[in-house]
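The primary structure of each chain is shown beneath.
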Amino acid sequence: AGSNNTVIPDGVERIAQEAFGGAMRLKHLVLPGSLKEIGESAFTHSGIEEIDIPKGVTRLERYTFQYCENLQRITLPESLTTIGLGALSHCAFKEVVVPDGVTHLGDYAMDCCERLETLTIGRGIRHIGYAAFENCKRLKRVVSRIPADSLFVIDNSVFNNIAEDCVLYVPRGAKKVYEQTFGWNRFDGIKEY
């Protein structure tokens, strides 16, 4: 179930489904560069406080870090392409950067991250699922790197119940397109960077 400081040795390529689920004593974990796969619910309900996902990992499966209510910092690699259903929901980080390589954010991907204040969405995103950032009540700054010619409609639930004064920052020259695109146009404040 892990201890306060756990190091997974180099050479390990896969963490099994629910491997550290419920491991509340687990606070710090070092993942090896050889890692390629993290199973569903691998860390759900664990006590982990910070983690760096190595560059070989391409997917965060469903519920990977769900209810990691002590998780204050996570670094996601550029190799990541998918963040699955509820993979990072109910976590405690204040800031998260979704890398440019991510194309798919699943339903409820980061919902109920009530301490989240700053979110950066990478330019490669092509799908954002239902209620992906719902109930992130302190979210004040969303930086979208999605260019105007790649922008897509999102469900109104994606940013439901966030801070009323949250500002959406968009690429220079893209403001008008964001203002006219459903789901993104729910922001009262849209600014270019």
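Rules used throughout
- Residue positions are counted from 1 within each chain, in the order its sequence is given.
- pLDDT decides what is reported in this predicted model: residues at 70 or higher carry local features, side-chain atom pairs at 80 or more are listed and counted, and totals for whole chains, interfaces and linings draw on all residues regardless.
- The basis for the side-chain values is all heavy atoms of the structure; hydrogens and waters are excluded.
- Helix and strand labels come from DSSP, where a helix needs a run of H or I of at least four residues and a strand needs a run of E of at least two; each type is numbered from the N terminus.
- Throughout, radius of gyration means the C-alpha value; the globule benchmark is 2.2 Å times the number of residues raised to the power 0.38.
- Only protein chains enter the accessibility calculation, which uses a 1.4 Å probe; a residue is then buried when its area is under 20% of its type maximum, exposed when over 50%, and partly exposed in between.
- Whether two residues touch is decided by their heavy atoms; if any such pair falls within 4.5 Å, the residues are in contact.
- Note on areas: Shrake-Rupley with a 1.4 Å probe; residue coverage comes only from the protein chains shown.
- The positive count covers Lys and Arg only, the negative count covers Asp and Glu only, and His and the chain ends enter neither.
- Where a charge sits is defined by one atom per residue type, namely NZ (Lys), CZ (Arg), CG (Asp) or CD (Glu).
- At least two bridges found by DSSP between two strands are what make those strands a pair.
- Orientation is described by lines fitted to C-alpha atoms, with helices fitted over the stretch in contact, and by angles between N-to-C directions that extend from 0 to 180 degrees.
- In this analysis, rings of Phe, Tyr and Trp, with Trp reduced to its six-membered ring, are considered paired at centre separations within 6.5 Å, and the interplanar angle assigns stacked below 30 degrees, edge-to-face beyond 60, and tilted for intermediate values.
- For a Lys NZ or an Arg CZ to count as sitting over a ring, it must be within 6 Å of the ring centre and within 35 degrees of the ring normal.
- The working definition used for a salt bridge is a side-chain nitrogen of Lys or Arg within 4 Å of a carboxyl oxygen of Asp or Glu.

> How should I be thinking about the overall build of the protein chain in this particular structure?
Along the protein chain, the regular secondary structure elements total one helix and 15 strands. At 17 Å, the protein chain has a C-alpha radius of gyration in line with the 16 Å of a compact globule built from 193 residues. Across its three principal directions, the C-alpha atoms of the protein chain cover 50 × 25 × 25 Å. Put simply, the protein chain has 193 residues, and 52% of those count as buried. Restricting the contact set of the protein chain to residue pairs at least 6 apart, pairs at least 24 apart contribute 32%. Of the roughly 8900 Å² of accessible surface on the protein chain, 43% is carried by carbon and sulfur atoms. Of the charged side chains in the protein chain, 22 are positive and 25 negative, and the gap between their average positions amounts to 4 Å.

> Just checking my understanding: could you explain the sheet that holds strand E14 (residues 167-170) for this structure?
Strand pairing in a sheet relies on backbone hydrogen bonds, with the paired strands running either antiparallel or parallel. The five strands are arranged E9-E11-E13-E14-E15 in an open sheet whose pairing can be described as parallel. Looking at the sheet topology across the chains shown, the edges are occupied by strand E9 (95-98) and strand E15 (189-192). Looking at each pair of strands side by side, their axes are set apart by 15 degrees on average, direction ignored. Taken together, the four bridges between strand E11 (residues 118-121) and strand E13 (residues 141-144) define a ladder with parallel strand orientation. The partner of Leu119 across the bridge, within E13, is Val142.

> What should I look at first to understand the pairing of E11 in this one?
Regular strands place side chains that alternate from one sheet face to the opposite one. The side-chain alternation of E11 yields two buried faces, one formed by Thr118 and Thr120 and the other by Leu119 and Ile121. Bridge count between E9 and E11: four bridges; the pairing is parallel. Each residue of the ladder has a partner; that of Glu95, found in E11, is Thr118.

> Would you mind showing me how to read the sheet that holds strand E12 (residues 127-128) here?
Read from one edge of the open sheet, four strands run E6-E8-E10-E12, paired in parallel fashion. Unpaired on one side and paired on the other, strand E6 (59-60) and E12 mark the two borders of the sheet. Pairing between E6 and strand E8 (residues 82-83): two bridges, direction parallel. Opposite Arg59, over in E8, you have Thr82 as the bridge partner.

> Looking at this structure, I do not really get the packing of aromatic side chains. What am I missing?
In this description, a pair of aromatic rings is defined by centroid distance and the angle of the planes. A full pass over the atoms with the stated rule returns eight aromatic pairs. For the ring pair Phe43 and Phe65, a centre distance of 5.0 Å and an interplane angle of 5 degrees mean the geometry is stacked. Of this pair, Phe43 sits in the loop between strand E4 (37-38) and strand E5 (50-52) while Phe65 sits in the loop between E6 and strand E7 (73-75), placing them 22 residues apart in sequence. Classification of Phe43 as buried rests on a relative accessible area of 0%. Here a set of aromatic residues connected by ring pairs shows up, and it is made of Phe133, Phe152, Phe159, Tyr178, Trp184 and Phe187. Seen from the ring of Tyr169, Arg141 lies directly overhead, with NZ or CZ sitting 4.3 Å from the centre.

> For this particular structure, what's the right way to read the pattern of salt bridges?
Where charged atoms of side chains with opposite charge meet at close range, the side chains can pair. Counting across every chain of the model gives nine salt bridges. With a closest N to O distance of 3.2 Å, Arg14 and Glu37 form a salt bridge. Of the two residues, Arg14 sits in strand E2 (residues 14-15) while Glu37 sits in strand E4, which places them 23 residues apart along the sequence. Across the pair Lys140 and Asp165 runs a salt bridge, and its minimum N-O distance is 3.8 Å. Of this pair, Lys140 sits in the loop between E12 and E13 while Asp165 sits in the loop between E13 and E14, and the two are 25 residues apart along the sequence. Here Lys140 falls in the partly exposed class, since its relative accessible area comes to 44%. Salt bridges sharing common partners tie together Glu50, Asp52 and Arg73.

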